[in-house]
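# Structural overview for review
Given next are the chains, with one letter for each unit.
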Amino acid sequence: MRLIVQKDYETMSTWAAYYVARAIIKAEPKQNSPFVLGLPTGSTPLGMYRILTDLYNQGVISFRHVVTFNMDEYVGIPSDHPQSYRRFMQDNFFSSIDIPKENINFLDGNAPDPDEECRRYEQAIDSYEGIDLFLGGIGTDGHLAFNEPGSSLTSRTRVKTLAEETRVSNSRFFDHDISKVPQYALTVGVGTIMDAREVLILAYGHSKARALKHVIEEGVNHMWTVSALQQHRRATILCDEDATDELTVGTVKYFKQMEAPNLDPDKLLDSVRR
């Protein structure tokens, strides 16, 4: 596992966006062989989406041959609700780039048969022979997507009951009223994410420091589902300085030394612009 530490949120977002852009450009996707991208929602990836949009507007990258699968969706709120993840992605990313509508995949939180919807989603991912790069975030309790503490580390896309800590955290998007936050969500499983060829996880701020300590310095534990990434063949954790607050000094120094040649975001795109 790699740990990339950037000084602040803006630099972290730039590194993430440039990394994603480079991966897509290097893959040289075509209509019959698209680049398949797993995407998160929430406040952490907003900077990355903004910079990816800037790169598209500059002509650096196209998303015409990119297929996306979002991580999760609340159960029971309309698709046009301001806090639905379908609406989030449309407002903050998809409406500003050239990705074809038919290439965008969401879980339907209002499907009449949620279990069948989850099976359909797994089959859709399989139809593209898996996900090339899955992006994600870390919950304050170490959850990955909506795989709450105690989730199976081999789980697939399914219906999940949301933990109170998750609902309290997400209530900031619902007028700070936890009663407005749905109790259930559809989510890809830990196993679904682990099947991706590559995973990039973003962690921003001191509130993620405890979870980061568990994923970096402690063992694999289903109570911290993000820790499963220790066993992924190509996983990267990208964070800012504040998120390292609970790591030992030696751990942070080690990864900074190991990744020193890879810390400059501009070098990521330079390799494909030449």
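This write-up is about the structure you can find in this document. Fair warning: this is a prediction, and the values are worked out from it, not measured in the lab. (Residues numbered from 1 in each chain as written. Predicted model: local features only at pLDDT ≥ 70, side-chain atom pairs only at ≥ 80, totals over all residues. Heavy atoms only, no water.)

## Details of the pattern of salt bridges
We count it as follows: Here, a salt bridge means any side-chain nitrogen of Lys or Arg that lies within 4 Å of a carboxyl oxygen of Asp or Glu. Secondary structure elements follow DSSP: runs of H or I no shorter than four residues count as helices, runs of E no shorter than two count as strands, and numbering proceeds from the N terminus. Burial classes: relative accessible area under 20% of the type maximum marks a residue as buried, over 50% as exposed, and values in between as partly exposed (1.4 Å probe, protein chains only).
For the coordinates displayed, the defined rule picks out 13 salt bridges. Between Arg119 and Glu116 there is a salt bridge, with its nearest N and O atoms 3.0 Å apart. You can see Arg119 and its partner Glu116 sitting in helix H4 (residues 114-127), three residues apart, about one turn around the helix. Take Arg119: its relative accessible area is 44%, and that puts it in the partly exposed class. Among the salt bridges present, the one from Glu122 reaches Arg156, with a minimum N-O distance of 3.2 Å. One end of the pair, Glu122, is in helix H4; the other, Arg156, is in the loop between strand E6 (133-137) and strand E7 (158-161), with 34 residues separating them in the sequence. Several salt bridges converge on common partners, so that one network encompasses Glu122, Arg156 and Asp195.

## Things to note about the packing of helix H1 (residues 9-27) against helix H2 (residues 46-57)
This is how the line gets drawn: Only the stretch in contact is used when fitting a helix axis, every axis being a line fitted to C-alpha atoms; angles between N-to-C directions are given from 0 to 180 degrees. If an angle is under 35 degrees, it is roughly parallel; if it is over 145, roughly antiparallel; if it lies from 65 to 115, roughly perpendicular; otherwise it is oblique. Crossing chirality is assigned from the near helix's rotation relative to the far helix, an anticlockwise turn below a right angle marking it left-handed and a clockwise turn marking it right-handed. Residues count as neighbours in contact if any of their non-hydrogen atoms are within 4.5 Å of one another. Residues are grouped as follows: Ala, Val, Leu, Ile, Met, Phe, Trp, Tyr, Cys and Pro are nonpolar; Asp, Glu, Lys and Arg are charged; all remaining types, including Gly, are polar.
H2 packs onto H1 with a crossing angle of 50° between their chain directions and a minimal axis gap of 8 Å. With respect to H2, the axis of H1 lies oblique. Seen along the crossing, H1 lies across H2 with a hand that is right-handed. Here H1 contributes Tyr9, Glu10, Ser13, Thr14, Ala16, Ala17, Tyr18, Val20 and Ala21 to the contact with H2, which in turn contributes Leu46, Gly47, Met48, Arg50, Ile51, Leu52 and Leu55. For the contact of H1 with H2, a count of residues per class yields 11 nonpolar, three polar and two charged.

So yeah, pure geometry; function would need other evidence.
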